[in-house]
Each structure stands twice: as structure tokens, then as C-alpha cells.
Amino acid sequence: NPERGSFYRSDHFEFAKVPDGRYSVVVGARGYLGTCYGLVGKSRDCGVLTVGVDEVKDDLELRLIRGAVIHGVVRNENGEPLSRMQVRVNDVDPVGLIALHFTTTNDKGEYDLSYVQPGRVLLSVLSSAGYPREVLVFYPGTLEFEKGQFLNVAVGDDIRADIRMPEIRTYSLRVEPTTLAGDPITKFEALLVETGLWGSIQFGEVA
């Protein structure tokens, strides 16, 4: 049964009147990597704390690893805030983008990535609402990966990074293939290929 502890000193916490049972203790803070009781090395499994009747557990120590904070607002081309946009912190390697952290903007277009590991990262926004299809925009507001600006993140940094989504224009393409003699071809397969580093293939619908 989730319950918030009371902090009676800047670095101490207390859960009072806890029924006997088995519990997980989780701690988190803005700008730090969250952790939990019993976490060992790079394991993702939290330990289980067993509490008996009238038992006191006062030897728990949880250590947080500090990172950086990246926050800002995502707006459209007119400066209006955009909600439900997924903002990602990416590492880039020869294979492509690797999303390290992600969050979603609120109704004011705000996002907050509370723990980011030090390094050179690239922010991106994956649209989910208000656009005809999902598009990937790179900070500070370009559809072209090569024009995206990297951020150099250090431990404890508090970085403001606003992102402007560019106007997305869409078009319809109608394909009507014919033979060399001008006769219509009724059975065919159409491919729409998007060129560039992050290109994709879309299969057309054939009437």
C-alpha cells in the first residue's frame, strides 16, 4: 500500500504506524537518479523489507546519484504550447538514436527531465497530437538531424531548452501508371520512399 514518508531532517525519513508485512522503499529527488532499498549494482530489482509487529527499522541508508535537469516548453510555429508531446534525451551512435530518458509535455507544453546523466546528448520531440502523422523534431526545432544542436550536460546542471515545432506541410500523391502504349496498369505496387539518414518506406494503397 503506497505511502509517503515524513522527513524530519533534511536527510532523514520516517514511516510511522506501518502494519506488519513486506514492503519496498523507494526514494527519488529532482536532479537525482531514483533508487530503492536493496538495489545492487545495475540490477533493476528492488529488495523486500519485512516488518514485524512493533518492529523498528532504523538502519536503512539509500544513496542517490546526482545528474542534471533539462526542462523547457514545446511550442508550435505560432508560439502556442503543445501538450502530449514526447520529449526524449538521446545518445547518438553509428547505429542511430538511442533514447536514454523521455517524458511528455503537460497542458502548458512544459516538460521536465529530472535526471540526465553527464555527456553529449541530443533532444528530440516525437509529435503525437495536432499533426497528420508522427514526426521527429530535433532541438531547437528542425526536422533535419544534421541541424540539431547537441547539449553538453555536466553533473548538477540545470538546463533550460525550449523547443519550437516547425510547420509541417503535407501533400497527397496520386500514382496512375501506364504502359508505353498509354494503357492503364491496374495491378501494381507503389512505394513512397523518404530519403535521408532517417528515411522510411510507406506502402501505397492501390485501388
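Structural notes, computed from the coordinates. Source: prediction; values computed, not measured. (Residues numbered from 1 in each chain as written. Predicted model: local features only at pLDDT ≥ 70, side-chain atom pairs only at ≥ 80, totals over all residues. Heavy atoms only, no water.)

1. Description of the environment of Phe145
Its location among the elements puts Phe145 in the loop between strand S14 (136-138) and strand S15 (150-153). With 21 residues separating them along the chain, Phe145 and Ser124 place their C-alpha atoms 9.4 Å apart. (Helix = DSSP H or I, 4+ residues; strand = E, 2+ residues; numbered from the N terminus.)

2. Things to note about the pattern of salt bridges
Counted under the stated rule, the structure contains five salt bridges. Residue Glu61 pairs with Arg63 through a salt bridge whose shortest N-O separation is 2.7 Å. Both residues of the pair, Glu61 and Arg63, belong to the exposed class. (Salt bridge = Lys/Arg side-chain N within 4 Å of Asp/Glu carboxyl O. Buried < 20%, exposed > 50% of the residue type's maximum accessible area, 1.4 Å probe, protein only.)

3. Observations concerning the side chain of Ser124
Following the sequence through the fold, Ser124 ends up in strand S13 (residues 119-126). Only 2.8 Å separates the side chain of Ser124 from the side chain of Asn90, close enough to count as a polar contact. Setting aside residues no more than four positions away along its own chain, Ser124 makes contact with Gln86, Val87, Arg88, Asn90, Leu136, Val137 and Phe138. (Polar contact = N/O pair within 3.5 Å; in protein donor to acceptor, adjacent residues only side chain to side chain. Contact = heavy atoms within 4.5 Å.)

4. Thoughts on the state of the cysteines
This model, assessed by the stated rule, comprises one disulfide. Bridging Cys36 to Cys46, the disulfide has an S-S length of 2.0 Å. Of note, the bridge from Cys36 to Cys46 carries an S-S torsion of about -100° and is left-handed in sense. With Cys36 in strand S6 (residues 35-36) and Cys46 in the loop between S6 and strand S7 (49-51), this residue pair connects regions lying ten residues apart in the sequence. Residue classification places Cys36 among the buried positions, given a relative accessible area of 6%. Classification of Cys46 by relative accessible area gives partly exposed; the value is 35%. (Disulfide = S-S within 2.5 Å.)

5. What to know about the pairing of strand S10 (residues 86-93)
Taken together, the eight bridges between S10 and strand S11 (residues 96-104) define a ladder with antiparallel strand orientation. Paired with Asn90 across the bridge in S11 is Ala99. The turn joining S10 and S11, which pair antiparallel and follow one another in sequence, is formed by two residues. For S10 and S13, the ladder comprises five bridges, and the chain directions are antiparallel. Paired with Arg88 across the two strands is Ser124, which belongs to S13. (Pairing = 2+ DSSP bridges.)

6. Observations concerning unusual backbone geometry
Cis peptide bonds are those with omega within 30 degrees of zero, and the linkage from Tyr139 to Pro140 qualifies with 10°. As for its position among the elements, Pro140 is in the loop between S14 and S15. Backbone geometry places Lys17, a non-glycine residue, at a positive phi of 55°. Mapped onto the secondary structure, Lys17 falls in the loop between strand S2 (12-14) and strand S3 (21-23). Under the relative-accessibility criterion, Lys17 is labelled exposed at 84%. We note that Arg84 has phi near 60°; this positive angle belongs to a residue other than glycine. Looking at the secondary structure, you find Arg84 in the loop between strand S9 (68-75) and S10.

7. Notes on the nonpolar core
Ile70, Val74, Tyr111, Leu123 and Leu151 are the most contacted members of the largest nonpolar core, which totals 22 residues. Ile70 has contacts with Val89, Tyr111, Asp112, Leu113, Val116, Leu123, Leu151, Val153, Ile159 and Ala161, leaving out every residue within four places of it along the chain. (Core = buried A, V, L, I, M, F, W, Y, C linked by side-chain atoms within 4.5 Å.)

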